[in-house]
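Single-letter residue listing:
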Amino acid sequence: MNLNGNKYYRMALEYIAKTDLNALELGKHFIDGENLFVNIVDSNMKTREAARLEVHDNYIDIQVPLSKPETFGVKPRTECAEADGEYNPVKDILFFKDKDWQEITVYEGQPITFDPDMGHAPLIGEGTIHKAIFKVKA
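Residues numbered from 1 in each chain as written. Predicted model: local features only at pLDDT ≥ 70, side-chain atom pairs only at ≥ 80, totals over all residues. Heavy atoms only, no water.

## What about the side chain of His130?
Piece 1. As for its placement among the helices and strands, His130 is situated in strand S10 (residues 128-137).
Piece 2. Classification of His130 by relative accessible area gives buried; the value is 16%.
Piece 3. Non-local contacts of His130, meaning those with residues more than four positions away in its chain, are made with Asn22, Leu26, Ile40, Val41, Asp42, Pro65, Leu66 and Ser67. (Helix = DSSP H or I, 4+ residues; strand = E, 2+ residues; numbered from the N terminus. Buried < 20%, exposed > 50% of the residue type's maximum accessible area, 1.4 Å probe, protein only. Contact = heavy atoms within 4.5 Å.)

Here you go:
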C-alpha cells in the first residue's frame, strides 16, 4: 500500500509532528471526521500469550506509545492462518489466534504504522500504558 499517496496519512503525520499528544484528554479526537481521528487511551498491557493479532480493512493504524515502551507482534496478513471469530465491520477488526509473529518494541513518542496488509498484536508488556491510536481512512 502506498501510504504517501494517502492524504489522510500525510495529515496524521503532520498532526503528530505539531501536536503535544500528552496534552490531549482521554477519548476520541476528530481531525477530519471519520477520515482521520485519534483515540487517546490508557490500556492494560498483556502477556505475549494473551495478545491477539488484529487486522483492519478500512483504516490504517498509527500507534504512538506515550508513557513507556510498547511491544507489538507483527505478521503479514497474508500469512495469518487461524481467524479468531468473524470480521466485525462496525469495529473494522478481525482477530487471529496465530502466535508465530515477530516482535517490535516502540518507544515513547515513536509512531508505528500498520496498514490493512499487516497483522499486529498491540499492548505486549506490563502495567498500564498511555497511548495514541490514530485511525486513518485507507
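## Details of the pattern of salt bridges
Working definition: two side chains of opposite charge can pair if their charged atoms are close together.
Piece 1. Following the criterion strictly, the structure yields seven salt bridges and no others.
Piece 2. Here Asp61 ties to Lys135 by a salt bridge, and the two come within 2.5 Å at their closest N and O atoms. Highlighted residues: Asp61 in strand S4 (residues 59-65) and Lys135 in strand S10, separated in sequence by 74 residues.
Piece 3. We classify Asp61 as buried; its relative accessible area is 1%.
Piece 4. Because the salt bridges share partners, they merge into one network encompassing Lys75, Asp98 and Asp100. (Salt bridge = Lys/Arg side-chain N within 4 Å of Asp/Glu carboxyl O.)

## Some words on the sheet that holds strand S8 (residues 112-114)
Piece 1. Strand order in this open sheet of five strands is S1-S2-S10-S4-S8, and the pairing throughout is antiparallel. Only two strands of the sheet have a single partner each, and these edge strands are strand S1 (27-32) and S8. Across the sheet, the axes of successive neighbouring strands diverge by a mean angle of 25 degrees, strand direction being ignored.
Piece 2. Bridge count between S4 and S8: three bridges; the pairing is antiparallel. Counterpart to Ile62 in the pairing with S8 is Thr113.
Piece 3. Seen against the sheet, helix H1 (residues 7-18) touches S1, strand S2 (36-44), S4, S8 and S10 and runs at an angle of roughly 145 degrees to S10. (Pairing = 2+ DSSP bridges. Axes fitted to C-alpha atoms, helices over the stretch in contact; angles between N-to-C directions.)

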